[in-house]
There are 2 protein chains.
Amino acid sequence: MDYIELIGFTAAFLTTAAFLPQVYKTWKTKDVTALSLPMLLLFFIGIVGWLVYGFLKNSPSMIFANSITVVSSFFLVYFKIKYTKK
Amino acid sequence: MDYIELIGFTAAFLTTAAFLPQVYKTWKTKDVTALSLPMLLLFFIGIVGWLVYGFLKNSPSMIFANSITVVSSFFLVYFKIKYTKK
């Protein structure tokens, strides 16, 4: 692994680690009032775009980071829809 | 601009657009209780890493997206420190 990917994986680890507690907190508290569904959907579609971009640029660290984030942001969308009071 | 960068810029626009309202909301409400300083710092350092990675990979869309996010996440760190009740 070259030093460029080492920087990429460090960045991937940090940004993913900073995002996961939000997912965990939402799952535990079921409090989705602070989350906006349109923003979550924009973010989710954007992450799918970054994942595709990572494949096209042959970037292992982007593929790694965005694979995790695409799953975790999908959970946020799901929680938002499931836990929003009718 | 090739189609790979078109996908990258679309992703950049979506994820940046989804992040900015959080910064704006924090600035207006001065409510930083839901934000965690260690997580914000991890995220900020991670974004700096992605920015460096974008330069090394010659990725205009990553440089664009992470330049905006490095500034906006810096503001979140600043707001968290400034508005946390002593």
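The model shown is predicted, which means the values in this text are computed figures rather than measured ones.

Cut-offs applied
- Residues numbered from 1 in each chain as written.
- Chains lettered and ligands numbered in written order.
- Predicted model: local features only at pLDDT ≥ 70, side-chain atom pairs only at ≥ 80, totals over all residues.
- Heavy atoms only, no water.
- Contact = heavy atoms within 4.5 Å.
- Buried area = accessible area lost by both parts, 1.4 Å probe.
- Salt bridge = Lys/Arg side-chain N within 4 Å of Asp/Glu carboxyl O.
- Patch = residues over 30% accessible without salt bridge, like charges linked within 9 Å, V, L, I, M, F, W, Y side chains within 5 Å.
- Areas by Shrake-Rupley, 256 points an atom, 1.4 Å probe, with all protein chains shown as cover.
- Helix = DSSP H or I, 4+ residues; strand = E, 2+ residues; numbered from the N terminus.
- Buried < 20%, exposed > 50% of the residue type's maximum accessible area, 1.4 Å probe, protein only.
- UniProt positions renumbered as here; feature names shortened; annotations may be inferred.

*Asks:* Would you mind going over the interface of chain A and chain B with me for this structure?
*Replies:* Size of an interface, as often reported, equals the accessible area lost when the parts are brought together. With 31 residues of chain A at the contact, the number on the chain B side is 31 residues. For the pair chain A and chain B, the summed buried area comes to about 2500 Å², and 77% of that belongs to carbon and sulfur atoms. Among the residues chain A hides against chain B, the three largest losses belong to L14(A), W50(A) and Y53(A). Together they make up 23% of the total. On the surface where chain A and chain B come into contact, there are two salt bridges.

*Asks:* I would appreciate a short explanation of a nonpolar patch on the surface in the present structure.
*Replies:* Together, V71(A), F74(A), F75(A) and Y78(A) make up an exposed nonpolar region whose accessible area comes to about 380 Å². Secondary-structure assignment places V71(A) in helix α3 (residues 60-83).

*Asks:* Help me out: how do you make sense of unusual backbone geometry in this one?
*Replies:* Where the residue is not glycine, phi is negative for most of them; where a peptide bond is considered, it is trans in most cases. Residue and element names in this part refer to chain A. At K30, a residue that is not glycine, the phi angle is positive and equals roughly 55 degrees. By secondary structure assignment, the location of K30 is in the loop between α1 (3-29) and α2 (37-56). For K30, a relative accessible area of 45% gives the class partly exposed. With phi around 50 degrees, N58 is a residue other than glycine that occupies positive phi space. With respect to the helices and strands, the residue N58 is situated in the loop between α2 and α3. By relative accessible area, N58 is classed as exposed at 61%.

*Asks:* What exactly am I supposed to notice about the UniProt feature "transmembrane region" (unreviewed entry) in chain A here?
*Replies:* Residue and element names in this part refer to chain A. UniProt's entry tags residues 6-24, 36-56 and 62-81 with the feature "transmembrane region" (unreviewed entry), counted in the numbering of this structure. Between the C-alpha atoms that bound residues 6-24 there is a distance of 27 Å. The span itself is 100% helix and 0% strand. End-to-end, the C-alpha atoms of residues 36-56 are 30 Å apart, and along that stretch the chain is 95% helix and 0% strand.

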